[in-house]
Amino acid sequence: MPTTKTERVEIRQSDDVVRVRQQTRTLAVEVGLSLVDQTKIVTASSELARNTLDYGGGGEVVLEILDQAGRRGLRLTFEDRGAGIPDIEQALKDGFTTGKGMGLGLGGAKRLCNEFSIASKPGEGTKVIIARWK
Amino acid sequence: MDRIPILKFGNALLVTIQVDMHDRLATTLEEDLTSKIVAHSARGVLIDISALEIVDSFIGRMLDNIAAVSRILDADTVVVGMRPAVAITLVELGLSLAGVKTALNVERGMALIEGRLSESEADDADDED
């Protein structure tokens, strides 16, 4: 799929979550997403960036503007090399958390996007990909 | 360290969140508000989030916590000025903010708090009869 723009943000500390939100907003505007869709993907990016930091021990996100036969979209790929998720189905359930959160992050992020995929291996890390199309 | 200012306004405390909060700032606000409710014997807390472009689960939880703690300390929390896109997103995210009172703007939020205050004053007057 043709990518017209790629950016990368490291996620090492709590301020970086804010930077991820801001960068997601900038690109969502560039893609031409509606205000509600911008808000949805920025919120999803905030949840996933925090997961990367809190559960993955830090990592990075790659933000890409996609163009599929004239249809534009924004894709975010979050990757960490943390402990990984042993049971993904359980992690996607609302209210499930191993930390101090509300357990809405992963399932919530999935609901806020058009595309969602997750791959994780215990001991190797986690990769979450989301996309929102115009 | 960064802090979000808390203003005293009659019997109420007024907080206007105007920055994109990182998580530590949100936690600090929660702690600051709790101690100010006690220090000023505040009966209401008004939180204006009209400048916030998103409310994620962390900020949502902060609002819920502030409302719960202030209720225990006999103060009402009203969150005002939520943007429509934020409200739509919050519901889809799965956060209903069930314990938080909301109002469209600062005037209506203040009216909610004052309404509750005059009710409790009326109760006090009844008790004296």
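This write-up is about the structure you can find in this document. Just so it is clear, the structure is predicted and the values come from calculations on it, not from any experiment.

Procedures and definitions
For every chain, the first residue of its written sequence is number 1, and the numbers climb from 1 along that sequence. Both sets of labels track the order of writing: A upward for chains, 1 upward for ligands. The predicted nature of this model means local features are confined to residues of pLDDT at least 70 and side-chain atom pairs, given and counted, to a pLDDT of 80 or more, with totals for whole chains, interfaces and linings taken over all residues. The basis for every side-chain value is the complete set of heavy atoms in the structure, and neither hydrogens nor water enter the calculation. What counts as a salt bridge is simple: a side-chain nitrogen of Lys or Arg found within 4 Å of a carboxyl oxygen of Asp or Glu. Numbering goes from the N terminus for both helices and strands, where a helix is a DSSP run of H or I of at least four residues and a strand is a run of E of at least two. Three labels apply to residues, based on accessible area from a 1.4 Å probe with only protein chains included: buried if under 20% of the type maximum, exposed if over 50%, partly exposed otherwise in between. Note on contacts: a residue pair is in contact if any heavy atoms of the two residues lie within 4.5 Å. Polar contacts, as counted here, are pairs of nitrogen or oxygen atoms within 3.5 Å of one another; within protein the pair requires one atom able to donate a hydrogen and one able to accept it, and residues that are adjacent in sequence qualify only if both atoms are side-chain atoms. Residues were grouped as follows: Ala, Val, Leu, Ile, Met, Phe, Trp, Tyr, Cys and Pro as nonpolar; Asp, Glu, Lys and Arg as charged; and all remaining residues, including Gly, as polar. Axis geometry follows a simple rule: fit a line to the C-alpha atoms, using only the stretch in contact for helices, then measure angles between N-to-C directions, giving values from 0 to 180 degrees. Each angle receives one of four descriptions, namely roughly parallel if under 35 degrees, roughly antiparallel if over 145, roughly perpendicular if within 65 to 115, and oblique otherwise. Here the rule is simple: two strands pair whenever DSSP picks up at least two bridges between them. Residues enter a nonpolar core if they are buried and are Ala, Val, Leu, Ile, Met, Phe, Trp, Tyr or Cys, with the set joined through side-chain atoms within 4.5 Å.

On to the pattern of salt bridges, then. Residue and element names in this part refer to chain A. Per the counting criterion, the structure on display carries 21 salt bridges over all chains. We note a salt bridge from Asp16 to Arg19, for which the minimum N-O separation is 2.7 Å. Of this pair, Asp16 and Arg19 are both found in helix H1 (residues 14–31), 3 residues apart, which corresponds to roughly one turn of the helix. Judged by its relative accessible area of 6%, Asp16 is buried. When its relative accessible area of 42% is taken as the criterion, Arg19 is described as partly exposed. With a closest N to O distance of 3.1 Å, Arg75 and Glu64 form a salt bridge. Within this pair, whereas Arg75 is found in strand E3 (residues 71–80), its partner Glu64 is found in strand E2 (residues 59–68), the two being separated by 11 residues in sequence.

With 21 residues of chain B at the contact, the number on the chain A side is 23 residues. For the interface between chain B and chain A, the tally reads 7 salt bridges. We note a salt bridge from B:Asp56 to A:Arg21, for which the minimum N-O separation is 3.6 Å. For the interface between chain B and chain A, the tally reads 10 residue pairs in polar contact (both at pLDDT 80 or more). Contributions of two or more residues to the side of chain B that touches chain A are made by helix H1 (23–39), helix H2 (57–72) and helix H3 (84–93) of chain B. The element that contributes the greatest number of residues to the side of chain B that touches chain A is H3(B), accounting for 6 residues. In terms of residue class, the side of chain B that touches chain A is made up of 9 nonpolar, 4 polar and 8 charged.

All names here are of chain B. Close contact between H1 and H2 brings their axes to 10 Å; oriented N to C, the two are set at 10 degrees. For the element pair H1 / H2, the angle class is roughly parallel. Touching Asp23, Ala26, Thr27, Leu29, Glu30, Leu33, Thr34 and Ile37 of H1 are Phe58, Met62, Asn65, Ile66, Val69 and Ser70, all from H2. Counted by class, the contact of H1 with H2 contains 8 nonpolar, 4 polar and 2 charged residues.

The next subject is the sheet that holds strand E4 (residues 76–80) of chain B. Residues and elements named next belong to chain B. The mixed open sheet is built from 5 strands, whose spatial order is E1-E2-E3-E4-E5. At either end of the open sheet lies a strand with only one pairing partner, and these are strand E1 (6–9) and strand E5 (101–103). Neighbour-to-neighbour, the strand axes of the sheet open up by a mean angle of 25 degrees, direction not taken into account. In this fold H1 packs onto E1, strand E2 (12–16) and strand E3 (44–48), with an angle of close to 160 degrees to the strand it touches most, E2. Across the sheet, H2 is in contact with E3 and E4; its angle to E4 comes to roughly 155 degrees.

Below, the discussion takes up the nonpolar core. With 61 residues, the main nonpolar core has A:Ile130, B:Ile17, B:Leu33, B:Ile47 and B:Met62 as its most contacted residues. Looking at which element gives the most residues to this core, the answer is H2(B), with 6 residues. Aside from chain neighbours lying at most four places away, what touches A:Ile130 is A:Ile41, A:Ala44, A:Leu48, A:Leu74, A:Arg75, A:Leu76, A:Cys113, A:Glu115 and A:Phe116. With 8 residues, the next largest nonpolar core counts B:Leu46, B:Val80, B:Ala103 and B:Ile113 among its residues.

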